[in-house]
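Analysis of the macromolecular model
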Amino acid sequence: MKLRHVALTTALLLLLWEAVARALRLNVLPPPSDVLVVFFRDLPGELGRHLLTSAGRTLVSIALAVALATPPGLVLGQSKAVNRLFSPLIYLVYPVPKIVFLPIVLLLLGIGDASKVFLITLILWFQILVVVRDEASAIRPELIHSVRSLGAGRRALFRFVYLPACLPAVLTAIRISIGTAIAVLFFAESFATTSGLGYYIIVATWGRLDYTAMYAGVVAMGLLGLALFFAVDYLERRLCPWKG
């Protein structure tokens, strides 16, 4: 998607928001003109600090999930015996909403960064694992046989066949998971912590009825998700040029 299309859509949404806010004149719905003033005023200060904290937690979680889920996903996709062994466990645990483990994670890991990163990584790990496994198992057998006929061993197959074939699926899984990661992060940061955009929106602003600053935090969280989405698109263009 071209940047100018996103900019045009954003401008139209802001105009609609401005019109509705001016017409209703509600304290709980400030116009975007006021929200953006607060956003840029607080971005170098408190809002920026919470934004950097949330961005760091999200990036670390995504990196860990990819690093920890891609190798076992490739193994499961390559080996039917291993996949048969672990598939019942995956299908049993995968549908369980991992957010319900938040109280347990907080008890075990505390209220710092570790608990948030662990929970987001856990959720993304299953999503990436399943996508990579399915993509690896769908690789055509004749392609594998042709590479093996050239003398390629198991390591070469992983590097030159399975990994390039699954890389677009990994990036797609990350793109799909960004919204989930941001939502879980917001929920995890909304209590038992003193940093992050979830804390800023729920505790620091909504808790003191500062609705304009609260919307500024919502805008910051939305921009975080949008920036991550564009970053994945950029990586896909650089790492998967064959997709065109």
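Below you will find a few notes about this structure. (Residues numbered from 1 in each chain as written. Predicted model: local features only at pLDDT ≥ 70, side-chain atom pairs only at ≥ 80, totals over all residues. Heavy atoms only, no water.)

Some words on the overall build of the protein chain
For clarity, the cut-off: The way it works is that DSSP assigns letters per residue, a run of H or I at least four long becomes a helix, a run of E at least two long becomes a strand, and they are numbered from the N terminus. When checking whether two residues touch, look at their non-hydrogen atoms; a contact exists if any pair is within 4.5 Å. Using a 1.4 Å probe, the Shrake-Rupley method yields the accessible areas, and only the shown protein chains count as cover for residues. In this charge count, Lys and Arg are treated as positive and Asp and Glu as negative; neither His nor the chain ends contribute. Lysine's charge is taken at NZ, arginine's at CZ, aspartate's at CG and glutamate's at CD.
Tallying secondary structure elements over the protein chain gives ten helices and zero strands in all. In sequence order, the protein chain lays out its α and β elements as α-α-α-α-α-α-α-α-α-α. Looking at the protein chain alone, contacts between residues at least 24 apart form 73% of all its contacts between residues at least 6 apart. For the protein chain, the accessible area works out to roughly 13800 Å², and carbon and sulfur atoms hold 71% of it. Here the protein chain carries 22 positive and 12 negative side-chain charges, and the mean point of each set is 10 Å from the other.

Concerning the nonpolar core
Our working definition: What is meant by a nonpolar core is a set of buried Ala, Val, Leu, Ile, Met, Phe, Trp, Tyr and Cys residues, joined one to another through side-chain atoms within 4.5 Å. Residue exposure (1.4 Å probe, protein chains only): buried if accessible area is under 20% of the type maximum, exposed if over 50%, otherwise partly exposed.
Among the nonpolar cores identified, the biggest contains 58 residues, and Leu47, Leu74, Ile128, Tyr162 and Ile174 are the most heavily contacted of them. In terms of residue count, the dominant contributor to this core is helix 8 (residues 154–189) (15 residues). Beyond its immediate chain neighbours, meaning those up to four positions away, Leu74 contacts Val132, Ala136, Phe158, Tyr162, Leu163 and Cys166.

Let's talk about a nonpolar patch on the surface
Stated precisely, the cut-off is as follows: Each patch is built from residues that are more than 30% exposed by relative accessible area and take part in no salt bridge. Like charges join if they lie within 9 Å; nonpolar side chains (Val, Leu, Ile, Met, Phe, Trp, Tyr) join within 5 Å. We count a salt bridge whenever a side-chain nitrogen from Lys or Arg sits within 4 Å of a carboxyl oxygen from Asp or Glu.
On the surface, Val96, Val100, Phe101, Ile104, Leu107, Leu108, Leu109 and Phe118 cluster together into a nonpolar patch covering about 780 Å² of accessible area. Of all the elements, helix 5 (residues 102–109) adds the most residues to the nonpolar patch, at four residues. Mapping Leu107 onto the fold places it in helix 5. Judged by its relative accessible area of 74%, Leu107 is exposed.

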